[in-house]
Amino acid sequence: MDAVAALNEIAFWLERGRAATFKVQAFRKAAAAISPLPPEEVAERARTGRLKSMKGIGDRTYQVIQQAVGGGVPDYLADLREKGAQPLATGGAAIRNELRGDLHSHSDWSDGGSPIELMVAAAGVLGREYLALTDHSPNLTIANGLSPERLTRQLDVVAEINADGQSGRGNPDSRVRLLTGIEVDILESGELDQEPGLLDRLDIVVASVHSKLRADRKTMTRRMLGGIQARHTNVLGHCTGRLVEGSRGTRPPSEFDAKEVFAACAEYNVAVEINSRPERQDPPDALIQLALEAGCLFSIDSDAHAPGQLDFLQYGAERAARNEVPAERIITTWPVDRLLDWAAAT
Ligand SMILES: [Zn+2]
Ligand SMILES: [Zn+2]
């Protein structure tokens, strides 16, 4: 088995299972360390033990590489594959099967852990037809938000990856169309945190609030309405900002006039995101119900920051099913052409 593929697949399963970042990164780093070497060279270094002294290779990863170049599936990977055969969520299979894409993901250009190419490859393995790359906007400095210059550069990179996919090079799964996008901050003023001319060029704009989450109800409602009414916005990201579990601790939902906010989403043709991250589970069930009553569309998104997290869509599908959201109202079940027509019209 190819050693780089084995290491990356191990990382994929660990990410999907929400293993600690440092544990996952050991495998991603080892894969990156040996990927420039020709496979024969990797095999040779594994045989002679020279690989052990290479930067980025530890005991565990050395063992994996040795077993891979020896021709078999490494034990550790075999074990993870067996565990991974179980679905992440128990319900929502029908909706999960209808999902074609994902409109919210991050790469190492902002605060994601992996290069764009690895995100696309994993989306392909998971059978997605499209994936929107939505790295953060400049205001979110803590997450290395993209300046206008960097976003402009990223658009060229996305075009190259898609072109490689069509020619069968580079993009290992040509079925995946990588959509250009952004997760843009809704600033306190209600404006979007990126140049309008640049937002014009993007396929998908997810707008989210990332700061001053404890603002009073009136202030937050006004801010969110600004983001929803902005002509570029397609999806309202993780609308309450709550955290229900996990290493970052918990955070209560922001307070806002949900009826007014969802009425605006319906009026301005902005889909309400069902954020699949286990620590977010955003919006809460009661708000999904309000959004349904308001006539909103929904987008089930992974908000993946690593390839394995793209499979979190299973959690979102389960929540949508539990709340009886009709598949037709979930824009990520739509064919990509319909989705893009819709996004361009809003
Ligand atoms: Zn966000
Ligand atoms: Zn995000």
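Quick notes on the rules
Residues numbered from 1 in each chain as written. Chains lettered and ligands numbered in written order. Predicted model: local features only at pLDDT ≥ 70, side-chain atom pairs only at ≥ 80, totals over all residues. Heavy atoms only, no water. Core = buried A, V, L, I, M, F, W, Y, C linked by side-chain atoms within 4.5 Å. Buried < 20%, exposed > 50% of the residue type's maximum accessible area, 1.4 Å probe, protein only. Helix = DSSP H or I, 4+ residues; strand = E, 2+ residues; numbered from the N terminus. Domains from an automatic or database assignment. Contact = heavy atoms within 4.5 Å. Donors = N, O, S within 2.8 Å, 3.2 Å for Na, K, Ca; no water. Pairing = 2+ DSSP bridges. Right-handed = clockwise from strand over helix to strand, strands pointing away. Buried area = accessible area lost by both parts, 1.4 Å probe. Salt bridge = Lys/Arg side-chain N within 4 Å of Asp/Glu carboxyl O. Polar contact = N/O pair within 3.5 Å; in protein donor to acceptor, adjacent residues only side chain to side chain. Tetrahedral: all angles 85-135°; square planar, octahedral: opposite > 155°, others 65-115°. Phe/Tyr/Trp six-rings, centres within 6.5 Å; stacked < 30°, edge-to-face > 60°. Lys NZ or Arg CZ within 6 Å of the ring centre and 35° of its normal.

Structural notes on the nonpolar core
Core analysis: the biggest nonpolar cluster contains 85 residues, and I34, I65, L236, F262 and F298 have the highest contact counts within it. No other element matches helix α1 (residues 3-16), which puts eight residues into this core. Of the domains in this structure, domain 1 (3-84) and domain 2 (93-345) are the two that each give at least three residues to this core. In this structure F298 touches A271, V272, I274, I288, A291, L292, V325, R329, I330, I331 and T332, once residues within four positions along its chain are discounted. Counting 16 residues, the second largest nonpolar core, distinct from the first, contains A132, L179, A271 and W342.

Regarding the coordination of the zinc ion (ligand 1)
Under perfect tetrahedral coordination by four donors, a metal shows angles of 109.5 degrees; under perfect octahedral coordination by six donors, it shows angles of 90 or 180 degrees. Only E183 (OE), H210 (NE2) and H238 (NE2) from the protein reach the zinc ion (ligand 1) as donors, at distances of 2.1 Å. Linear spacing of the donor residues for the zinc ion (ligand 1) on their chain is E-x26-H-x27-H. Between the zinc ion (ligand 1) and the zinc ion (ligand 2), a spacing of 3.5 Å is present, and a bridge between the two is formed by E183. Of the two residues, H210 is situated in the loop between β4 (204-208) and α10 (217-229) and H238 in the loop between β5 (235-236) and α11 (258-267); the sequence distance between them amounts to 28 residues.

Considerations on the pairing of β4
Remark: a regular strand shows side chains that alternate across the two faces of the sheet. For β4, the tally of buried residues reaches five of five residues, placing the bulk of the element in the interior. Here β4 shows two buried faces, one formed by I204, V206 and S208 and the other by V205 and A207. In this structure, strand β3 (residues 177-185) lies alongside β4, joined through five bridges in parallel fashion. Residue pairing in the sheet places G181 in a bridge with I204 of β4. Taken together, the two bridges between β4 and β5 define a ladder with parallel strand orientation. Each residue of the ladder has a partner; that of V206, found in β5, is V235. Viewed along the sheet, the connection from β4 through α10 into β5 turns out right-handed.

So, the domain arrangement of the protein
What the domain assignment lists for the protein is domain 1 (3-84) and domain 2 (93-345). Centre-to-centre, using C-alpha coordinates, domain 1 lies 31 Å away from domain 2. On the domain 2 side, the residues contacting the seven residues of domain 1 number 15 residues. Surface buried jointly by domain 1 and domain 2 totals about 830 Å² across both partners, of which 54% is contributed by carbon and sulfur atoms. Considering only the surface of domain 1 that becomes buried against domain 2, F12, R16 and R18 emerge as the three largest contributors, covering 60% of it. Counting across the domain 1 and domain 2 interface gives two salt bridges. Here R18 ties to E245 by a salt bridge, and the two come within 2.3 Å at their closest N and O atoms. Inspection of the region where domain 1 meets domain 2 yields three residue pairs in polar contact (both at pLDDT 80 or more). Those elements that place two or more of their residues in the side of domain 1 that touches domain 2 are α1 and α2 (21-34).

A closer look at the coordination of the zinc ion (ligand 2)
For the zinc ion (ligand 2), the full set of protein donor atoms is H104 (NE2), H106 (NE2), E183 (OE) and D303 (OD), and the range of their distances to it is 2.1 to 2.3 Å. One way to put it: the four donor atoms around the zinc ion (ligand 2) meet at angles of 81 to 168 degrees, and that makes the site irregular. Donor residues for the zinc ion (ligand 2), ordered by position in the chain, follow H-x1-H-x76-E-x119-D. Owing to a relative accessible area of 1%, E183 belongs among the buried residues under this scheme.

Brief notes about the pairing of β3
For β3, the buried fraction is high: eight of the nine residues fall into the buried class. Sheet analysis places strand β2 (residues 130-133) next to β3, joined by four bridges and oriented parallel. Residue L133 lies in a different strand from β3, and its bridge partner there is T180.

A look at the packing of aromatic side chains
Inspection of the entire model under this criterion finds four aromatic pairs. On the numbers, 5.3 Å between centres and 85 degrees between planes, the contact of F12 with W13 is edge-to-face. Side by side, F12 and W13 carry an identical accessibility label, which is buried. On the basis of an interplanar angle of 85 degrees and a centroid distance of 6.0 Å, the ring pair of W334 and W342 is categorised as edge-to-face. Among the residues examined, W334 registers a relative accessible area of 4% and is labelled buried. Residue W342 is classed as buried on the basis of its relative accessible area of 9%. Sitting over the face of the ring of Y76, R60 holds its NZ or CZ atom 4.1 Å from the ring centroid. Across from the ring centre of W334, 3.9 Å away, lies the NZ or CZ of R338, which sits over that ring.

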